[in-house]
Amino acid sequence: MSLGYTKEDVIKMTKQLPALFGYSIDNIKRKINFYKSINLENIVLEDTKLLMQSVTLSYARYRYLKSREIIVNINSYSILFYCQKVFEANFGIDNKAVKKMYPFEEYLKVQKLYKKLEILSKLNREASKKLLNRSVKKYVDENNSIEKRINNKYSRVLKNSKV
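All of these numbers come straight from a predicted model, not from anything done at the bench.

Colleague: Explain a nonpolar patch on the surface to me, please; I cannot follow it from the model alone.
Modeller: There is a patch of nonpolar side chains on the surface, built from Val110, Tyr114, Leu117, Ile119, Leu120 and Leu123 and spanning about 600 Å² of accessible area. With respect to the secondary-structure elements, Leu120 resides in helix α7 (residues 104–162).

Colleague: Before we go on, may I ask you to explain the packing of aromatic side chains in this structure?
Modeller: The geometry of an aromatic ring pair is captured by the separation of the ring centres together with the interplanar angle, meaning the angle of the planes. Inspection of the entire model under this criterion finds 11 aromatic pairs. Judged by centre distance (5.9 Å) and plane angle (75°), the ring pair of Phe34 and Tyr59 falls under edge-to-face. Within this pair, whereas Phe34 is found in helix α2 (residues 25–37), its partner Tyr59 is found in helix α4 (residues 55–67), the two being separated by 25 residues in sequence. On the basis of relative accessibility, which here comes to 4%, the residue Tyr59 falls in the buried class. Site record: aromatic cluster; members linked through ring pairs are Phe34, Tyr35, Tyr59, Tyr62, Tyr77, Phe81, Phe104 and Tyr107.

Colleague: Sorry, what's going on with the packing of α4 against helix α5 (residues 84–91) here?
Modeller: Packed helix pairs are characterised by how far apart their axes lie and by the angle those axes make with each other. In the contact formed by α4 and α5, the axes pass within 13 Å of each other and the chain directions differ by 15°. Accordingly, the angle class assigned to the pair α4 and α5 is roughly parallel. The crossing of α4 and α5 is left-handed. On α5, the residues that touch Arg61, Tyr64 and Leu65 of α4 are Gln84, Phe87 and Phe91. Broken down by class, the residue content of the contact of α4 with α5 amounts to four nonpolar, one polar and one charged.

Colleague: When you look at the packing of α2 against α4 in this model, what are you seeing that I'm missing?
Modeller: Where α2 meets α4, the axes come as close as 10 Å, and the angle between the chain directions of the two elements is 20°. With respect to each other, α2 and α4 are oriented roughly parallel. The interaxial crossing formed by α2 with α4 has left-handed handedness. Of the residues in α4, those in contact with Arg30, Lys31, Phe34 and Tyr35 of α2 are Val55, Ser58, Tyr59 and Tyr62. Residue composition of the contact of α2 with α4, by class: five nonpolar, one polar and two charged.

Colleague: What should I look at first to understand the nonpolar core in this one?
Modeller: Nonpolar side chains in soluble globular proteins tend to end up buried together. Ranked by internal contacts, the top residues of the largest apolar core, which has 35 residues, are Phe34, Tyr35, Tyr64, Leu65, Val72 and Leu80. Sorting the residues of this core by element identifies α2, α3 (42–46), α4, α5 and α7 as the ones contributing at least two each. Of all the elements, α4 adds the most residues to this core, at seven residues. In this structure Leu80 touches Ile38, Leu40, Gln53, Ser58, Arg61, Tyr62, Leu65 and Val72, once residues within four positions along its chain are discounted.

Colleague: How should I be thinking about unusual backbone geometry in this particular structure?
Modeller: What you tend to see is this: most non-glycine residues have negative phi, and most peptide bonds are trans. Within the chain, Asn39 stands out as a residue other than glycine whose phi angle is a positive 60°. Within the secondary structure layout, Asn39 lies in the loop between α2 and α3. Taking the relative accessible area as the measure of exposure, Asn39 reaches 59% and is therefore exposed. Unlike most non-glycine residues, Glu69 shows phi in positive territory, near 60°. Structurally, the position occupied by Glu69 is in the loop between α4 and α5.

Colleague: What's the story with the side chain of Lys31 in this structure? I'm lost.
Modeller: Topologically, Lys31 is positioned in helix α2. Buried Lys31, no salt bridge; nearest opposite-charge side chain is Asp26, N-O distance 13 Å. In contact with Lys31, other than residues within four places in its own chain, are Tyr23, Leu51, Met52, Gln53, Ser54 and Val55.

Definitions and cut-offs
Residues numbered from 1 in each chain as written. Predicted model: local features only at pLDDT ≥ 70, side-chain atom pairs only at ≥ 80, totals over all residues. Heavy atoms only, no water. Patch = residues over 30% accessible without salt bridge, like charges linked within 9 Å, V, L, I, M, F, W, Y side chains within 5 Å. Areas by Shrake-Rupley, 256 points an atom, 1.4 Å probe, with all protein chains shown as cover. Salt bridge = Lys/Arg side-chain N within 4 Å of Asp/Glu carboxyl O. Helix = DSSP H or I, 4+ residues; strand = E, 2+ residues; numbered from the N terminus. Phe/Tyr/Trp six-rings, centres within 6.5 Å; stacked < 30°, edge-to-face > 60°. Buried < 20%, exposed > 50% of the residue type's maximum accessible area, 1.4 Å probe, protein only. Axes fitted to C-alpha atoms, helices over the stretch in contact; angles between N-to-C directions. Parallel < 35°, antiparallel > 145°, perpendicular 65-115°, else oblique. Left-handed = near helix turned anticlockwise from the far one by under 90°. Contact = heavy atoms within 4.5 Å. Nonpolar A, V, L, I, M, F, W, Y, C, P; charged D, E, K, R; others polar. Core = buried A, V, L, I, M, F, W, Y, C linked by side-chain atoms within 4.5 Å. Lys, Arg positive; Asp, Glu negative; His and termini not counted.

Right under this line is the structure:
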């Protein structure tokens, strides 16, 4: 449910794919995150049984199809899930070869880099805010100090002019 699914969604998914109970949390997260990254998150809820296919195969096939300028979207995603025989007949490559060409570890490395960049970006924004706040505070403090000196001088001038 930390992935944005309600209790009802999880019940629906497990009814479609009871074996989901046997999947590790990391495996499920990897699959969901990958399908979200290629804008196919709806299949997780609407066609849960497709989660049976390994994410390494889905990733490799997706990259292979993309390299051949074949669009994989909500209307055409079923080609990712063709059985090996049909996929090989249509695209001329078997599962072993496509996974070798496009290893899933490559995707994981890129995702780790994106996370690091997000963290660095967030830290940079926070540091910039702190720096800006310090600069504003320093400016306000300097203005207050100048204002005090002007007021003191003005008070002395008024005091001296009365004497």
